[in-house]
Amino acid sequence: IGFDNPFPAIPHANSGEAAQKKRKRNVNTERLMDICDPIYKPIHDEMMIIARNASAWILGYFVQSADVVISGNFEDVVKGWNEDPCDTRLNEEVQNQKEVLLQEDSSSRS
C-alpha cells in the first residue's frame, strides 16, 4: 500500500488479564463470561481449534505472500493463538497454590 513506517505493536491480553482489569475498574461484570469455566468447555474447545487453524493459515500462507507486509509483534500475537489461555491460567493457579502450601509448611515448622 506504500506505508513507510511500521504500525505500532498490537495490544492484546489473555482472558484472565482482561477480566481482572474490568473487575478492578468496577465495571459491571454481570455479562462477563469466563471462557475457562467448565460450563463453556465446548465453546472454548471450538474456539481453540479455530484459533490454531487461523494461526497456521495466516503464518503459513497469508504472510508468505510477497504482497503482504507485517509489522511489529504481529507474528508473535498470531503465534500466541496456539496457546490455550486456560492452560496458562491453570498452571499459574497451581503454582500459586504450591507457593501458599510451601509458605504454610515453613511457617508451621518455625
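Heads up: these notes are all about the structure in this document. For clarity, every value in this text was computed on a predicted model and none was experimentally measured.

On to a nonpolar patch on the surface, then. Together, Met-33, Ile-43 and Met-47 give the surface a local cluster of nonpolar side chains, amounting to about 280 Å² of exposed area. Checked against the element boundaries, Ile-43 lands in helix α2 (residues 41-60).

Time to look at the environment of Ile-58. With respect to the element layout, Ile-58 can be found in helix α2. Under the relative-accessibility criterion, Ile-58 is labelled buried at 15%. The sequence separation of Ile-58 and Val-78 amounts to 20 residues, and the corresponding C-alpha distance is 7.8 Å. Beyond its immediate stretch of four places on either side in the chain, Ile-58 contacts Val-63, Phe-74, Val-78 and Trp-81.

To continue, consider the pattern of salt bridges. Under the definition given, this model contains two salt bridges. Salt-bridge contacts for Asp-45 lead to Lys-41; the nearest nitrogen and oxygen are separated by 3.0 Å. In this pair, Asp-45 and Lys-41 are both assigned in helix α2, four residues apart and thus about one turn of the helix distant. A relative accessible area of 31% means that Asp-45 is categorised as partly exposed. With a shortest N-O distance of 3.6 Å, Glu-75 and Lys-79 are connected by a salt bridge. Note that Glu-75 and Lys-79 are positioned in helix α3 (residues 74-80) at a spacing of four residues, about one turn of the helix. We classify Glu-75 as partly exposed; its relative accessible area is 35%.

Calculation criteria
Starting from 1, residues in each chain are numbered consecutively following that chain's sequence as written. Given that this is a predicted model, residues contribute local features only at a pLDDT of at least 70 and side-chain atom pairs are listed and counted only at 80 or more, while totals for whole chains, interfaces and linings are drawn from all residues. Water and hydrogen atoms play no part in the side-chain values, which are based on all heavy atoms of the structure. Residues with no salt bridge and a relative accessible area higher than 30% make up the patches, which join like charges within 9 Å and nonpolar side chains (Val, Leu, Ile, Met, Phe, Trp, Tyr) within 5 Å. Only the protein chains shown count as covering a residue, and every accessible area follows the Shrake-Rupley method with a 1.4 Å probe. Salt bridges are defined as contacts in which a side-chain nitrogen from Lys or Arg sits within 4 Å of a carboxyl oxygen from Asp or Glu. Secondary structure elements are defined from DSSP: runs of H or I of at least 4 residues count as helices, runs of E of at least 2 residues count as strands, and each element is numbered from the N terminus. Think of it in three bands: with a 1.4 Å probe and only protein chains considered, a residue is buried below 20% of the maximum accessible area for its type, exposed above 50%, and partly exposed in between. Whether two residues are in contact is decided by their heavy atoms: any pair within 4.5 Å suffices.

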